[in-house]
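This is what each chain is made of:
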Number of protein chains: 2
Amino acid sequence: MQKMITVAVDAMGGDNAPGEIIKGAVLAVQDKADIKVILVGKEDVIKKGLAEYNYDKKRIDVVHADDIITNCEAPVLAIRRKKTSSIVVALNLVKNGEADAFVSAGSTGAVLAGGQLIVGRIKGVERPPLTPVIPTINGITLLADCGANVDARATHLVQFARMGSIYMENVIGIKNPRVAIVNIGAEEEKGNALVKETFPLLKNCTDINFIGSIEARNIPYGEADVIVCEAFVGNVILKLYEGLGSALLKKIKEGLMSTTKSKIGALLSKSALKETLKDFDFSRYGGAPLLGLNGLVVKTHGSSKSNEIRNSILQCVTFTEQKINEKIEKNLNNNEA
Amino acid sequence: MQKMITVAVDAMGGDNAPGEIIKGAVLAVQDKADIKVILVGKEDVIKKGLAEYNYDKKRIDVVHADDIITNCEAPVLAIRRKKTSSIVVALNLVKNGEADAFVSAGSTGAVLAGGQLIVGRIKGVERPPLTPVIPTINGITLLADCGANVDARATHLVQFARMGSIYMENVIGIKNPRVAIVNIGAEEEKGNALVKETFPLLKNCTDINFIGSIEARNIPYGEADVIVCEAFVGNVILKLYEGLGSALLKKIKEGLMSTTKSKIGALLSKSALKETLKDFDFSRYGGAPLLGLNGLVVKTHGSSKSNEIRNSILQCVTFTEQKINEKIEKNLNNNEA
């Protein structure tokens, strides 16, 4: 029998909590046999929500937490003060081994701060990066770091590259993933001070497949599997990806609806267009793990609906089964000893 | 009678030189009465190219330059050594007052370095930013800086904001342009060290309409008219804009061509789609000026065709007529005295 993976889920976090979070948890346990979910938050609200669904009652538990951390609060302070918030209670379940992973659509800052303060870093990890996968025209690529460590140092970026490689190879299944650093030109001498310092360090890593610089224009073309960058730059890439994608699709819809002829055209091409563009739908890919913690912490979009919550829960299974954290610890302590 | 504006154009720079550059120059003088163009480069080649067109011979001159600076050369060294290159010869025309402006699709690094070394900065300007306009769903926005000054300081970003405002107000005609700084969250306390230092300085500027932070996802929605950022971040934004735009359009074309039904749909909706998406065509907007020089230097895409060259030449007219450089000098020296 396979080991059961237990995922604690923040029932109170995100724009669509608790309804879509509860629904996502139900979908996840219906989808996969080896998952247990612990919904953390206001017990009465969650139980009322769960009552609407048919599911295996043994596989969803509820743990009460009467407080909520909002997006407006200073993250570190909120984690220290709100001991009975859903985020803090759930992270303690991971810390104490009662859960293997934690998924939240709540405050990014609080999840990042709480992950480090409560769950703690793997021995040897200097900074844990937030690493979403983003769509490309022929697959997906991992972005490390997209927002956890602004003003990071070169040695941090090298660790992001190593952890990102392990994740892409073992969770996503890409053999010998190509690692590139975001730069403003393809040549080695290009870049800002941080990139110029990091480039030779990455070049010297024998345990990753470093292919050099990548310009932002080539990211959507899938020219690398792991994209390394400082968190401010990564956050700009992630958000511009989402914003420009949605703005362009809005424009296209306007175009298709602008004349009677084009409306008929839209009707005929709609399903084919939908099929091609579904690869660019961020909700397919679940949340972003915070790599390098003693346990798995996954942040999903604040706007997540049930589908993204389900996918975020499911991705915890492969991560845990593949023992990613053991591999990270072994890699970092072997290569930097 | 209006004053004639003289624009020196690098006939040898860019992927499509000299053919598309020559054609662009001809289109520009055909389009507007108050422009003279000086095509700089190999005289025999240019004259042969020009012979194909009908145009007012008095309005296009040729100045010979027998050398070319390529994209592979170290910019500063190339500017110092290649005195007879088209870029150096043309920049000297601006320096000596024989031309009001210079347009090049050649090496960005060489144009930036040459602009500063040969033409020189306006008194009071610390660093000249490269400032393209980029399309949004309801217009355009100016990006300052998109690649001239990596690792810039906070005071540089404040000057970018001021120069960008003057440009958008006087060249593009947007009254009281909204200025925002690229950040990874909307709150004032968010950001990296540079943004945290720059934010209060911008807030204190009484001569610009500073509206606070902008997240990258909101840039395509046109929420600001001038976007201020450090050059590395700006370059990532510009290139991801271009790359993601073209990748998504490629996907959409694939979708439209994937079934017989969708092909018919595509035929019916094609012209409406084209009309809506033409706003997202970068070539419509001409090149990016390097603001703050004693003369106007405009860098256009390396892939520019005649249409973009024409637009880049035409934009020099408004810039010069509106005396942007006098306004910049007056503003910076009044506000920072």
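Everything below is about the structure printed above this text.
Given the structure is predicted, the values throughout are model-derived calculations rather than measurements. (Residues numbered from 1 in each chain as written. Chains lettered and ligands numbered in written order. Predicted model: local features only at pLDDT ≥ 70, side-chain atom pairs only at ≥ 80, totals over all residues. Heavy atoms only, no water.)

Draft legend 1. The arrangement of the overall build of chain A in detail. Helix and strand counts for chain A stand at 11 helices and 11 strands. Its C-alpha atoms give chain A a radius of gyration of 21 Å, within 12% of the compact-globule value 20 Å for 337 residues. Summarising its shape, the C-alpha atoms of chain A cover approximately 65 × 60 × 45 Å along the three principal directions. The buried share among the 337 residues of chain A stands at 58%. The contacts in chain A between residues at least 6 apart in sequence include a share of 72% that link residues at least 24 apart. For chain A, the exposed surface amounts to about 13,600 Å²; the carbon and sulfur share of it is 50%. Once the 42 positive and 38 negative side-chain charges of chain A are each reduced to a mean point, those two points are 3 Å apart. (Helix = DSSP H or I, 4+ residues; strand = E, 2+ residues; numbered from the N terminus. Rg over C-alpha atoms; globule rule 2.2 N^0.38 Å. Buried < 20%, exposed > 50% of the residue type's maximum accessible area, 1.4 Å probe, protein only. Contact = heavy atoms within 4.5 Å. Areas by Shrake-Rupley, 256 points an atom, 1.4 Å probe, with all protein chains shown as cover. Lys, Arg positive; Asp, Glu negative; His and termini not counted. Charge placed at Lys NZ, Arg CZ, Asp CG, Glu CD.)

Draft legend 2. Quick peek at the interface of chain A and chain B. Chain A puts 50 residues into the contact, and the matching count from chain B is 50 residues. Between chain A and chain B, the buried area comes to about 5,000 Å², and carbon and sulfur atoms account for 75% of it. Across the contact surface, chain A and chain B share 4 salt bridges. Across the pair Lys239(B) and Glu215(A) runs a salt bridge, and its minimum N-O distance is 2.3 Å. Between the two partners, chain A and chain B, sit 14 residue pairs in polar contact (both at pLDDT 80 or more). Elements with a contribution of two residues or more to the side of chain A that touches chain B: β7 (178–183), α7 (193–203), α8 (231–256) and α9 (260–277) of chain A. (Buried area = accessible area lost by both parts, 1.4 Å probe. Salt bridge = Lys/Arg side-chain N within 4 Å of Asp/Glu carboxyl O. Polar contact = N/O pair within 3.5 Å; in protein donor to acceptor, adjacent residues only side chain to side chain.)

Draft legend 3. Structural view of the pattern of salt bridges. One pass over the full model with this rule turns up 28 salt bridges over all chains. With a shortest N-O distance of 2.7 Å, Glu242(B) and Arg217(A) are connected by a salt bridge. Remark: Arg217(A) occurs in the loop between β8 (209–215) and β9 (226–228) and Glu242(B) occurs in helix α8 (residues 231–256); the pair is interchain, linking two chains.

Draft legend 4. Representation of the environment of Val9(B). Residue and element names in this part refer to chain B. Among the structural elements, Val9 can be located in strand β1 (residues 5–10). The class of Val9 is buried, set by a relative accessible area of 1%. For the pair formed by Val9 and Phe102, sequence separation is 93 residues and the distance between their alpha carbons is 5.7 Å. What Val9 contacts, discounting residues up to four positions off in sequence, is Ile21, Val37, Ile38, Leu39, Val40, Phe102, Val103 and Ile313.

Draft legend 5. Up close: unusual backbone geometry. A cis amide bond, omega -5°, links Ala17(A) with the succeeding residue Pro18(A). Structurally, Pro18(A) is set in the loop between β1 (5–10) and α1 (19–31). Of note, the amide linkage connecting Ala144(B) to Asp145(B) takes the cis form, showing an omega dihedral of 20°. Along the chain, Asp145(B) turns up in the loop between β6 (139–144) and α6 (154–172). One non-glycine residue, Asp151(A), lies in the positive phi region at around 60°. Within the fold, Asp151(A) resides in the loop between β6 (139–144) and α6 (154–172). With a relative accessible area of 39%, Asp151(A) lands in the partly exposed category.

Draft legend 6. Spotlight on the relation of the copies chain A and chain B. Of the two same-sequence chains, chain A is brought onto chain B (RMSD 0.0 Å, axial shift 0.0 Å) by a rotation of 180°. Here the transformation between the copies is reduced to the relation of a two-fold axis. Closest approach to the rotation axis among the C-alpha atoms of chain A is made by Gly265(A), whose C-alpha sits 1.8 Å away. Of the residues that chain A buries at the interface, 100% are likewise interface residues in chain B, meaning the two copies contact each other through the same surface. (Least-squares fit on C-alpha atoms with pLDDT ≥ 70 in both.)

Draft legend 7. Inspection of α1(A) at higher detail. Residues and elements named next belong to chain A. Compared with the 18 Å implied by 1.5 Å per residue over 13 residues, the 18 Å span of α1 between its first and last C-alpha is a close match. Listed in full, the buried residues belonging to α1 are Ile21, Ile22, Gly24, Ala25, Val26, Ala28 and Val29. Of the surrounding elements, those touching the buried residues of α1 are β1, β2 (35–41), α2 (43–50), β3 (60–64) and α10 (306–321). (Expected span 1.5 Å × (residues − 1).)

Draft legend 8. The arrangement of the sheet that holds strand β10 (residues 288–289) of chain B in detail. Residue and element names in this part refer to chain B. Taking strand neighbours across the sheet as the criterion, the 6 strands line up as β3-β2-β1-β4-β11-β10 in an open arrangement whose pairing is mixed. Every interior strand has two partners, whereas the edge strands, β3 (60–64) and β10, have only one. Where β1 meets strand β2 (residues 35–41), 6 bridges bridge the pair, whose relative direction is parallel. From the neighbouring strand, Val7 faces β2, where its bridge partner is Val37. Sitting on the sheet, helix α10 (residues 306–321) is in contact with β1, β2, β4 (101–104), β10 and β11 (296–299), with an inclination near 140° to β1. (Pairing = 2+ DSSP bridges. Axes fitted to C-alpha atoms, helices over the stretch in contact; angles between N-to-C directions.)

Draft legend 9. Spotlight on the packing of aromatic side chains. Residues and elements named next belong to chain A. Going through the model one piece at a time under the given rule, you end up with 4 aromatic pairs over all chains. Between the aromatic rings of Tyr167 and Phe319, the centroid separation amounts to 6.0 Å while the plane-to-plane angle is 50°, which identifies the pairing as tilted. With Tyr167 in helix α6 and Phe319 in helix α10, this residue pair connects regions lying 152 residues apart in the sequence. By relative accessible area, which is 3% here, Tyr167 ends up buried. Seen from the ring of Tyr55, Lys57 lies directly overhead, with NZ or CZ sitting 4.3 Å from the centre. (Phe/Tyr/Trp six-rings, centres within 6.5 Å; stacked < 30°, edge-to-face > 60°. Lys NZ or Arg CZ within 6 Å of the ring centre and 35° of its normal.)

Draft legend 10. Quick peek at helix α4 (residues 86–95) of chain A. Buried residues dominate α4(A), accounting for 8 of its 10 residues. Downstream of α4(A) by a residue or two, Gly97(A) has a phi angle that is positive, lying close to 80°.

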